[in-house]
There are 2 protein chains.
Amino acid sequence: MSGPTWQMYCPIPLDENGARITLAHGEGARLTRRLIEEHIQPTFDCLELANLPDAAHIVTDTRRLAVTTDCFVVSPLFFPGGDIGSLAVYGAVNDLAVSGARPRWLTLSLIIEEGLPLAVFDCILKSVANTANECCVSVITGDTKVVPCGTADGLFLNTTGIGELVDPVPPGPQSIQTGDRLIVSGPVGRHGIAVLCAREELEFDPPPSSDSASLIDPVAALRQAVGPNVRAIRDATRGGVSAVLHEWAAACDLTMCLREGEIPTSNDIRGACELLGLDPLHVANEGTFVAAIAAEAAEAAVKALQLLPQTQHANIIGEAKVRQIAPVTIYRTLGREQPLDEPAGAALPRIC
Amino acid sequence: MSGPTWQMYCPIPLDENGARITLAHGEGARLTRRLIEEHIQPTFDCLELANLPDAAHIVTDTRRLAVTTDCFVVSPLFFPGGDIGSLAVYGAVNDLAVSGARPRWLTLSLIIEEGLPLAVFDCILKSVANTANECCVSVITGDTKVVPCGTADGLFLNTTGIGELVDPVPPGPQSIQTGDRLIVSGPVGRHGIAVLCAREELEFDPPPSSDSASLIDPVAALRQAVGPNVRAIRDATRGGVSAVLHEWAAACDLTMCLREGEIPTSNDIRGACELLGLDPLHVANEGTFVAAIAAEAAEAAVKALQLLPQTQHANIIGEAKVRQIAPVTIYRTLGREQPLDEPAGAALPRIC
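In this text the structure is predicted, and so the values were computed from the model without any measurement.

### Here's the deal with the relation of the copies chain B and chain A
- In screw terms, the move from chain B to chain A is a rotation of 180 degrees and a rise of 0.0 Å along the axis, fitting with an RMSD of 0.0 Å. Here the two chains are linked by the operation of a two-fold rotation axis. Within chain B, the C-alpha atom positioned nearest to the axis of rotation is that of alanine 152 of chain B, 2.2 Å from it.

Put into structure tokens, the structure is as follows:
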């Protein structure tokens, strides 16, 4: 387990002599039961979990459901603006929200590295529980595995989210048409830069903070404002805004044309990106989405988003045009239209 | 990544110069898309996966569902009788089956250690796909993360299973009554010993083989034979038969009394356990369940199970009695009744 970096943003003081997770906590026997009964169940005040079931039983309001799953391997475990626990909940909830579902249930699986301080474990569980409460989703079942020191990195999480589909479900990127406007819900690149700076101990003051947050309300506001004019929504996580737009361009066979001057970014993220040689459009977000909206509804969509604090900087950043030189292009501030590269990967490992 | 042990039972020849997973495969950009399009989608011939959705959309037949989740960290990745891929599918499917559900959908999340040979990755994906087909469940969505060499151990999997509840759902261990018979569906301890022998390169000939298999048909046969007389069923995974019976004793406040001579075990497992100082009742199974059945229906239950090849050695191994000296007791073959310890853990790490 690495030392200082993952401890720097840990909200609790670390006691070198405090209790730690042992391999025996993962063996499904007495110590596993104690871990569940003394640490997990009291954190999640949930009837389902109280019975330690093989499988949780749920009753849904509709038979049309959305299901999403993600593993979280972020390093460090704590960073400005969040931690692996809140990230794992927002990750599942946001995938459901942008796919047209009301998030309702969550499973939580833990792979713990032997030696993780129990206090850190408790702190992250509490973060999962608080974030789930905030998003009105129930953690209904889970699993705990412990692996020997050196075969994981502190803690990996998996969340699977189940939501109920509510109308209207956006038809998806293949429905994007020439002239549709592209909207981004807030400043881009915050999450990736925040995690990178925390991990590499880059000294920015104040340290860049992640945008990690729930997209439930912004997505609902967008739907209420412009309903069926929403062609596609996607949270711009790994690969950033660029990865989403490249996927969309491939799906609808158009070119996504951006105007650099319209893309919201904060000064600290822009500065860090210049220093690190990164394009903020390639950097992951965890509470920011891209939407394609019919041209006539785009202004109303942006206005509705700007009323919410989290999406007050939402803006129209470009539009879909007939296929040109490249799947995604960008008018740089100095006036030339250039192709925007698809991120190839490897610039920012382990940011979620 | 450890070398020889996890390769020993690998069904494909390993090419030292073959392609390997890199960190860039996990960044959500071009290489991730290629990994998904060229390796994952062709393996899972599934309409849902073809659209690379944030969240898969499903339509259920009933609004009463069961949900289960598990992480798999087994070492080695391949062992006699199975691999991490088939294990991850059977694990989810069996949890659903014993909880009274018909397994239907599966999510699959992967945490891959940088450097894993692509051929091994493909081989395990194929095993997941084949096992899912065998169990009639669809893999509907997934996630891929890559972590740097030395921060995982080859490959970790997570599966979340969703099933539809079918009547009658067993009422559970709190409903167990004095006189109820305890049934085990087959020889105990096979999975844990098979994995342990593979990992530690213990030279038994032939090597002990895991019981890893689907419990869908045996559970269905049990229900059809004795329906509402089934009080509780549980697959005896981590902690073995002993862990299940200790949980049940706590739930119904009775003593689970076993007769050693009635417990099915195979010679190789008994031999290995004696050599290693393990009690087969504490060792994990992955295709064997324990059931509590009303006394009058117990013979019929065992007869129904014995008709299936996988559960041909099913037997009545004891009964529930008023609470005595210990939650679980065992009449040893030599005649004395002794308390059976609850496994405390740590004897067998990373067997699932």
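Once the structure has been displayed, the description carries forward.
### Some remarks on unusual backbone geometry
- The omega torsion across aspartate 205 of chain A and proline 206 of chain A is 0 degrees, close enough to zero to call that bond cis.
- Relative to the helices and strands, proline 206 of chain A is located in the loop between helix H6 (190–200) and helix H7 (216–226).
- One non-glycine residue, aspartate 253 of chain A, lies in positive phi territory at about 60 degrees.
- Assignment of secondary structure puts aspartate 253 of chain A in the loop between helix H8 (240–252) and strand E10 (254–259).
- One non-glycine residue with positive phi stands out, namely glutamate 201 of chain B, at about 55 degrees.
- Within the fold, glutamate 201 of chain B resides in the loop between helix H6 (190–200) and helix H7 (216–226).

### Things to note about the interface of chain B and chain A
- On the chain A side, the residues contacting the 74 residues of chain B number 74 residues.
- Summing both sides of the interface, chain B and chain A together bury roughly 6,000 Å²; the carbon and sulfur share of this comes to 56%.
- Ranking the residues of chain B by area buried against chain A places Asp54, Arg63 and Arg238 of chain B at the top, with a combined share of 13%.
- A salt bridge links aspartate 143 of chain A to arginine 238 of chain B, with the nearest nitrogen and oxygen atoms 2.8 Å apart.
- Viewed at the interface, chain A and chain B are joined by 23 residue pairs in polar contact (both at pLDDT 80 or more).
- Tallied by class, residues from the side of chain B that touches chain A come to 36 nonpolar, 20 polar and 18 charged.
- Strand direction decides the pairing type here: strand E2 (residues 64–72) of chain A and strand E1 (residues 56–59) of chain B, joined by 4 bridges, are antiparallel. Among the inter-strand pairings, arginine 64 of chain A is bridged to a residue of E1 of chain B, identified as valine 59 of chain B.

### Re helix H10 (residues 298–306) of chain B
Residue and element names in this part refer to chain B.
- Within the span of H10, buried status applies to Ala298, Ala301, Val302, Ala304 and Leu305. Burial along H10 is one-sided: seen end-on, the buried residues are contained in an arc of 160 degrees. Exposed side chains of H10 directed beyond 90 degrees from the buried face belong to Glu299 and Lys303.
- Next to the buried residues of H10 lie strand E8 (181–184), H7, strand E11 (289–293) and strand E12 (315–322).

### Digging into the pairing of strand E11 (residues 289–293) of chain A
Residue and element names in this part refer to chain A.
- Along E11, 5 of the 5 residues are buried, which leaves the element largely enclosed by surrounding structure.
- Residues of E11 alternate between two faces, with Phe289, Ala291 and Ile293 on one and Val290 and Ala292 on the opposite face, all of them buried.
- Pairing geometry for strand E8 (residues 181–184) and E11, over 4 bridges, is antiparallel. Across the sheet, residue leucine 182 finds its bridge partner in E11, namely alanine 292.

### Focus on the pattern of salt bridges
- If you walk through the whole model with that rule in mind, you get 38 salt bridges over all chains.
- We note a salt bridge from aspartate 61 of chain B to arginine 104 of chain B, for which the minimum N-O separation is 3.4 Å. On the criterion of sequence distance, the pair formed by aspartate 61 of chain B in the loop between E1 and strand E2 (64–72) and arginine 104 of chain B in strand E5 (residues 101–113) is long-range, its members being 43 residues apart.
- You can call aspartate 61 of chain B exposed: its relative accessible area is 56%.
- Several salt bridges converge on common partners, so that one network encompasses Asp61, Arg102, Arg104 and Glu164 of chain A.

### Some words on the sheet that holds strand E6 (residues 138–147) of chain A
- Spatial strand order, E6(A)-E5(A)-E7(A)-E2(A)-E1(B): 5 strands in an open sheet with mixed pairing. Edge positions in the open sheet fall to E6 of chain A together with E1 of chain B, since each of these has one partner strand only. Geometrically, the sheet is characterised by an average inter-axis angle of 20 degrees between neighbouring strands, direction not taken into account.

### As for the side chain of threonine 107 of chain A
- Note that threonine 107 of chain A resides in strand E5 (residues 101–113).
- The exposure class assigned to threonine 107 of chain A is buried, which follows from its relative accessible area of 1%.

### Remarks on the state of the cysteines
Residue and element names in this part refer to chain B.
- Summed over the entire model, instances satisfying the criterion amount to 0 disulfides over all chains.
- Just so you know, cysteine 135 is unpaired, no disulfide at all, and the nearest cysteine sulfur is the one on cysteine 136, 7.7 Å from it.
- For cysteine 135, a relative accessible area of 5% gives the class buried.

### Topic: the packing of aromatic side chains
- Evaluation of the coordinates by the stated rule reveals 1 aromatic pair over all chains.
- Summarising the aromatic geometry, the rings of phenylalanine 156 of chain A and phenylalanine 156 of chain B are spaced 6.4 Å apart at their centres and angled 50 degrees between planes, so their arrangement reads as tilted. Linking phenylalanine 156 of chain A in strand E7 (residues 155–165) with phenylalanine 156 of chain B in strand E7 (residues 155–165), this pair reaches from one chain into another.
- The aromatic ring of phenylalanine 72 of chain B is capped on one face by lysine 145 of chain A, whose charged end is 5.3 Å from the ring centroid.

### With respect to the environment of leucine 110 of chain B
- Position of leucine 110 of chain B relative to the elements: it lies in strand E5.
- In this structure, the C-alpha to C-alpha distance between leucine 110 of chain B and asparagine 158 of chain B, residues 48 residues apart in sequence, is 6.5 Å.
- Not counting residues up to four positions away in its chain, the partners in contact with leucine 110 of chain B are Cys71 of chain A together with Ile40, Phe121, Leu125, Asp143, Thr144, Lys145, Leu155, Phe156 and Leu157 of chain B.

### Topic: the domain arrangement of chain A
All names here are of chain A.
- Once the domains are mapped, chain A shows domain 1 (6–165) and domain 2 (173–339).
- For domain 1 versus domain 2, the distance between C-alpha centres works out to 29 Å.
- Between domain 1 and domain 2, roughly 1,700 Å² of surface is buried when both sides are summed, and carbon and sulfur atoms account for 62% of that area.
- Counting across the domain 1 and domain 2 interface gives 0 salt bridges.
- Counting across the interface, domain 1 meets domain 2 through 6 residue pairs in polar contact (both at pLDDT 80 or more).
- With 7 residues, the single largest contributor to the side of domain 1 that touches domain 2 is helix H4 (residues 84–98).
- Residue composition of the side of domain 1 that touches domain 2, by class: 13 nonpolar, 4 polar and 2 charged.

Rules used throughout
- Residues numbered from 1 in each chain as written.
- Chains lettered and ligands numbered in written order.
- Predicted model: local features only at pLDDT ≥ 70, side-chain atom pairs only at ≥ 80, totals over all residues.
- Heavy atoms only, no water.
- Least-squares fit on C-alpha atoms with pLDDT ≥ 70 in both.
- Helix = DSSP H or I, 4+ residues; strand = E, 2+ residues; numbered from the N terminus.
- Contact = heavy atoms within 4.5 Å.
- Buried area = accessible area lost by both parts, 1.4 Å probe.
- Salt bridge = Lys/Arg side-chain N within 4 Å of Asp/Glu carboxyl O.
- Polar contact = N/O pair within 3.5 Å; in protein donor to acceptor, adjacent residues only side chain to side chain.
- Nonpolar A, V, L, I, M, F, W, Y, C, P; charged D, E, K, R; others polar.
- Pairing = 2+ DSSP bridges.
- Buried < 20%, exposed > 50% of the residue type's maximum accessible area, 1.4 Å probe, protein only.
- Arc of directions from axis to C-beta.
- Axes fitted to C-alpha atoms, helices over the stretch in contact; angles between N-to-C directions.
- Disulfide = S-S within 2.5 Å.
- Phe/Tyr/Trp six-rings, centres within 6.5 Å; stacked < 30°, edge-to-face > 60°.
- Lys NZ or Arg CZ within 6 Å of the ring centre and 35° of its normal.
- Domains from an automatic or database assignment.

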